[in-house]
Amino acid sequence: MTDVRYSVLKLLNDRAPNYVSEWVILRRLSHHPQEKVRKVLDALTTEKILTKEVDPHETTGEPEALYRCRDWRGVAVRKTIQIGDMLVPRLLSDSNARFLPETLNEHLESMAEYSVKLEERFRELVKKEQRQYWANVVGVVGLMISILAVIMVGLPKIQTDPSLAFWDVALVNLAQILPLAIVLILLVLTLRRILR
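A quick note: this is a predicted structure, and the numbers were derived from the prediction, not measured. (Residues numbered from 1 in each chain as written. Predicted model: local features only at pLDDT ≥ 70, side-chain atom pairs only at ≥ 80, totals over all residues. Heavy atoms only, no water.)

Caption draft 1: The nonpolar core, seen in detail. Counting residues in each nonpolar core, the largest one holds 17 residues, and the members touching the most others are Val8, Leu12, Ile25, Val37, Leu41, Leu50 and Tyr67. Contributions of two or more residues to this core are made by helix H1 (2-14), helix H2 (22-28), helix H3 (34-46) and strand E3 (64-69). Setting aside residues up to four positions removed in sequence, Leu50 forms contacts with Leu9, Leu12, Leu41, Leu44, Thr45, Tyr67, Arg68, Cys69 and Arg70. (Core = buried A, V, L, I, M, F, W, Y, C linked by side-chain atoms within 4.5 Å. Buried < 20%, exposed > 50% of the residue type's maximum accessible area, 1.4 Å probe, protein only. Helix = DSSP H or I, 4+ residues; strand = E, 2+ residues; numbered from the N terminus. Contact = heavy atoms within 4.5 Å.)

Rendered as structure tokens:
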């Protein structure tokens, strides 16, 4: 129960000075059993550490319990929320209602900007992956074609002379095939670089 108590108080201090609904508390502390969390909330309310309010939801008929720390004056109030790499102001319960619309608008605009940034990053990542994929495909196919070309063009030119040593025969044949091999390798490397 001590762990649950600590988790509840930490969550409510983090959200101060706002009231936090029981539904949010249960969702955020889903790693603890709901019965224990509810018992801790009742105990903290009885001990007058928490203030409990009930939003009646008269239309739906499903009242909602909300909690906050009774004394949050010593708690450092978070004034911003981080969305990606942007900080946006929090909506705080001690704000005047007529000043809240622009703060809410800022939240929505920040979310829209972050969404656009994520979309751009995703597109760039997909483009980069596609370029790399096609460069690899061209490299492999080009290498196979080069090997086949060297074999098809080089085999008829291969000469063997029994009077020459093995290394001399290899050097003569290499001299005939090497220019074609170099041109094909350069072609494959150029195509890969263009695609990347």
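Don't stop here, the text continues.
Caption draft 2: Spatial organisation of the pattern of salt bridges. Tallying each qualifying case throughout the model produces four salt bridges. Notably, a salt bridge pairs Asp14 with Arg78, separated by 3.0 Å at the nearest N-O pair. Here the residue Asp14 occupies a position in helix H1, and Arg78 occupies one in the loop between E3 and strand E4 (80-83), the gap between them amounting to 64 residues. Exposure remark for Arg78: the relative accessible area of 30% places this residue in the partly exposed category. Salt-bridge contacts for Arg38 lead to Glu22; the nearest nitrogen and oxygen are separated by 2.8 Å. One end of the pair, Arg38, is in helix H3; the other, Glu22, is in helix H2, and 16 residues separate them in sequence. (Salt bridge = Lys/Arg side-chain N within 4 Å of Asp/Glu carboxyl O.)

Caption draft 3: How the structure looks around unusual backbone geometry. The amide bond that connects Ala16 to the next residue, Pro17, takes the cis arrangement and shows omega of 5°. Within the element layout of this structure, Pro17 appears in the loop between H1 and strand E1 (20-21). Notably, Lys48 is not glycine yet its phi reads approximately 65°, a positive angle. By the element assignment, Lys48 lies in the loop between H3 and strand E2 (50-55).

Caption draft 4: Inspection of the environment of Asp55 at higher detail. Note that Asp55 resides in strand E2. Each C-alpha atom of the pair Asp55 and Val169 lies 96 Å from the other, and the pair is 114 residues apart in sequence.

Caption draft 5: Layout of the packing of aromatic side chains. Counted by the stated rule, this structure contains one aromatic pair. The interplanar angle of 75° and the centroid separation of 5.2 Å between the aromatic rings of Tyr133 and Trp134 together place this pair among those described as edge-to-face. When its relative accessible area of 47% is taken as the criterion, Trp134 is described as partly exposed. (Phe/Tyr/Trp six-rings, centres within 6.5 Å; stacked < 30°, edge-to-face > 60°.)

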